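Breakdown of the fold
If you want the building blocks of each chain, they are given just below.
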Amino acid sequence: MRKLPFPLLTLLAALAAPAPAQEPPAAENKPSAVSLGELSVSLEDLVNRVRPSVVQIFSTGYVTADDSESSNTAALLSQQRSTGSGIILSDDGFIVTNAHVVRGARRIQVRLSVARTHGRTASFEPEVRLLDAKLIGMDREMDVAVIKIERTGLPHLQLGNSDAVRQGELVMAFGTPRGLEGSVSMGIVSSISRELHPDDFLAYIQTDAPINPGNSGGPLIDSQGRVVGINTFILTQSGGSEGLGFAIPSNMVSTIYSQIRKEGHVHRGKIGIYVETVTPSLAEGLGLPRDWGVLVGDVTPEGPADNAGVKVGDLIETVDGRTMRNARQIEALIYRSPMKQKITLQVLRGKDQLTMDVPVIESMDDPQRFADMVNPEDNLVSRLGILAIGIDKDLAAMLPGLRNSYGVLVAAGSSATDLTTGTGLQPGDVIYSVNQSPVATVEALRKKVNEFKPGDEVAMQIERSGRLMFVSIEIE
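Each chain carries its own residue numbering, running from 1 in the written order of its sequence. This being a predicted model, a pLDDT of at least 70 is required before a residue's local features are given, and a value of 80 or more before pairs of side-chain atoms are given or counted; all residues contribute to the totals for chains, interfaces and linings. Only hydrogens and water are set aside; all other atoms, that is, all heavy atoms of the structure, feed into the side-chain values.

1. Details of the overall build of the protein
In plain terms, the rule: Helix numbering and strand numbering both begin at the N terminus, where a helix is a DSSP run of H or I of at least 4 residues and a strand a DSSP run of E of at least 2. Note on exposure labels: buried denotes an accessible area under 20% of the residue type's maximum, exposed denotes more than 50%, and partly exposed covers the range between, all computed with a 1.4 Å probe on protein chains only. Residue-level accessible areas treat just the shown protein chains as cover; the underlying method is Shrake-Rupley with a 1.4 Å probe.
Scanning the protein from terminus to terminus reveals ten helices and 29 strands. Here the protein, with 476 residues, has 47% of them falling under the buried criterion. Accessible area of the protein: about 23000 Å², with a carbon and sulfur share of 50%.

Shown next, in the form of structure tokens:
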């Protein structure tokens, strides 16, 4: 493919420049027509460079039913077929997409595009054969997943620097909207840091480039062909694009992608504080010296921040020398920090300015993430109304600090209720024994509970959030 004749934004700026006071000679009018032609060629070349690296993804599997909809065991999972888009990021088949595109998938397949060149013109045809893909890992909270196909020598894209994106910048959205493979749309960056709710952990890139269902997981591309975001969702009343599209910034995607590719899961950093964005009313009520910034609302006892001397009411001015203007900034920075690395906080406490070094430790992940690892054929324990997974080496690595090296993890459910507290088994619970008989696999747990009659009560030893306890469960 040819390199871009020149940056698109420079060209657009030139085309949008005010006309001179005097009309130039007729001969000087010709270059503007050539410039428009060059703009068209530049866009065409950009599409030709990007399209071979954008894939269509098909997933078939199960999703967990909303607990509010049903407590019936049979309704724990519902079958779902979905399609979306993905971005090839390596020549050996690593692909990044949205987690919601492949969530609960029993089977993931990918369709590549084949470029056909006819002189200067390039066309793309979808491969007839679908390639099976393996889920490497996902981050449900950030809605990012990494899958892999067994193919080498693939065209691939680079993740750009989303911090360099500017409002008004020209961008293109690639994907398969409504199943229309290989579609591209163009627009501008509407906002570089859009928070949909106060103190949202993630700020999205907002664009008016048309995005529709099926674009999820596809790239948002800048004028140089770099991926600056992953198209993720739209705000709409009609169901179609209304010019309110949102993409996960590439810098966040890069952090997640590198961790999943290396270890299969994401490490979430924390320092043991809860922060909130300072508002004018909050500043007035608390007598703060300014009406913006980040306020420490709570400190976890004996956590890293507590041990370093951070107090409730401290105003965080900088983290590693970077000024903090809202809670999202500091949460995102801590999230992306390597485990065990120390970050430097500069805080204002009254009139005193203090500096503290605080180590970053790993945060326990959302226990609901394990629901993506189960299927009804292998993991359903119907008499407890749960979907469960036996603890193995890989799963234990995702659950550091477990009391035992064996057990059965509750991934989803349940309808089983603790007769003492009235609450049921919860996702993230690890079952160690049933009536003092150890259980190390799903099959062992299923066999044990099948020994009892409906209405029998059993005592289970479980671990919940690092604490051992016994629960009394009535067998269905």
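2. Some details on the pairing of strand S26 (residues 430-434)
What counts is decided by this rule: The pairing criterion for strands is at least two bridges between them, as found by DSSP.
Extensive coverage of S26 is indicated by the burial of five of its five residues. Where strand S25 (residues 408-413) meets S26, two bridges bridge the pair, whose relative direction is antiparallel. Opposite leucine 409, over in S26, you have valine 430 as the bridge partner. With four bridges joining them, S26 and strand S28 (residues 457-464) adopt antiparallel strand pairing. Each residue of the ladder has a partner; that of isoleucine 431, found in S28, is isoleucine 462. Inspection of the sheet shows S26 paired to strand S27 (residues 437-438) by two bridges, in the antiparallel sense.

3. Notes on helix H4 (residues 250-263)
To be explicit about the condition: Multiply 1.5 Å by the residue count of a helix minus one, and that product is the helix's expected span. Whether two residues are in contact is decided by their heavy atoms: any pair within 4.5 Å suffices.
The end-to-end C-alpha distance of H4 is 20 Å, a good match for the 20 Å that 14 residues give at a rise of 1.5 Å each. Along H4, the positions that sit buried rather than exposed are Ser250, Asn251, Met252, Val253, Thr255, Ile256, Tyr257, Gln259 and Ile260. Lining the buried residues of H4 we find strand S3 (94-97), strand S7 (131-139), strand S8 (144-149), strand S13 (227-234), strand S14 (245-249) and helix H7 (327-336).

4. A closer look at the sheet that holds S13
The line we're drawing: Lines are fitted to the C-alpha atoms to define the axes, a helix being fitted only along its stretch in contact, and any angle between axes, read from their N-to-C directions, falls within 0 to 180 degrees.
On the basis of which strands lie adjacent, the closed barrel formed by six strands has the order S9-S10-S11-S14-S13-S12 and antiparallel pairing. Pairs of neighbouring strands in the sheet enclose a mean axial angle of 45 degrees, with direction left out of account. As judged from the two bridges shared by strand S9 (residues 170-175) and strand S12 (residues 219-221), these two strands associate in the antiparallel manner. In the sheet register, methionine 172 faces S12, and the bridge partner there is isoleucine 221.

5. A short note on the confidence of the model for the protein
The predicted coordinates should not be examined in detail at positions where pLDDT is low. The following threshold applies: Confidence of the prediction at every residue is given by pLDDT, a number between 0 and 100.
Chain-level statistics for the protein give a pLDDT mean of 84 and a share of 83% at 70 or above. Averaged pLDDT values for the elements of the protein fall to 47 in helix H1 (residues 8-15) and rise to 98 in S3. pLDDT under 50 marks residues 1-16. Its contacts with residues more than four places away, or in other chains, come to 35 contacts. Taken as a whole, residues 67-74 scores under 50 in pLDDT and shows seven contacts with residues more than four places along the chain or in a different chain.

6. Brief notes about the nonpolar core
The test is simple: The term nonpolar core refers to a set of buried residues drawn from Ala, Val, Leu, Ile, Met, Phe, Trp, Tyr and Cys, joined through side-chain atoms within 4.5 Å.
The biggest cluster of nonpolar side chains holds 31 residues, and the ones touching the most others in it are Met252 and Ile256. Looking at this core, the elements with two or more residues in it are helix H2 (30-50), S3, S8, S9, S13, S14, H4 and H7.

7. Some points on the pattern of salt bridges
Opposite charge on two side chains permits pairing when their charged atoms draw close. Spelled out, the test is: When a carboxyl oxygen of Asp or Glu is within 4 Å of a side-chain nitrogen of Lys or Arg, the pair counts as a salt bridge.
All chains considered together, the criterion is met by twelve salt bridges. A salt bridge links arginine 151 to glutamate 127, with the nearest nitrogen and oxygen atoms 3.4 Å apart. Taken together, the residues span a long stretch of sequence, with arginine 151 in the loop between S8 and S9 and glutamate 127 in the loop between strand S6 (121-126) and S7 at a distance of 24 residues. Given the relative accessible area of 18%, glutamate 127 is considered buried.

8. Observations regarding the packing of aromatic side chains
Cut-off, in case you're wondering: We call Phe, Tyr and Trp rings a pair once their centres come within 6.5 Å, taking the six-membered ring for Trp, and we label the pair stacked below 30 degrees between planes, edge-to-face above 60, and tilted otherwise.
With the rule as written, the count across this model stands at four aromatic pairs. Judged by centre distance (4.9 Å) and plane angle (15 degrees), the ring pair of phenylalanine 233 and phenylalanine 246 falls under stacked. Linking phenylalanine 233 in strand S13 with phenylalanine 246 in strand S14, this pair joins segments that are 13 residues apart in sequence. Assessed through its relative accessible area of 23%, phenylalanine 233 is described here as partly exposed. An aromatic cluster of three or more residues is present, and its members are Tyr204, Phe233 and Phe246.

9. Brief notes about the packing of H4 against H7
Rules: Oblique is the label for every angle not falling under 35 degrees (roughly parallel), over 145 degrees (roughly antiparallel), or within 65 to 115 degrees (roughly perpendicular). Left-handed is the label given to a crossing in which the near helix is rotated counterclockwise from the far helix by less than a right angle, and right-handed is the label when the rotation is clockwise.
Two elements in contact, H4 and H7, have axes separated by 11 Å at closest approach and are oriented at 30 degrees. Accordingly, the angle class assigned to the pair H4 and H7 is roughly parallel. In terms of crossing hand, the pair formed by H4 and H7 is left-handed. Contacts from Asn251, Met252, Thr255 and Ile256 of H4 reach H7 at Ala332, Tyr335 and Arg336.

10. A few points about helix H10 (residues 442-449)
Using the following cut-off: What the arc describes is the spread of directions from the helix axis to the C-beta atoms.
Residues of H10 that are buried include every one of Val442, Leu445, Arg446, Lys448 and Val449, and no others. In a view along the axis of H10, the buried residues occupy a sector of 165 degrees, so they form one face of it.

11. Section: the environment of lysine 351
Here lysine 351 is to be found in the loop between strand S20 (342-349) and strand S21 (352-359). Distance from lysine 351 to proline 289, taken between C-alpha atoms, is 8.8 Å for residues 62 residues apart in sequence.

12. Some details on unusual backbone geometry
Phi angles above zero are rare outside glycine, and glutamate 302 is one such case at about 65 degrees. Mapped onto the fold, glutamate 302 is located in the loop between strand S17 (294-299) and helix H6 (304-308).

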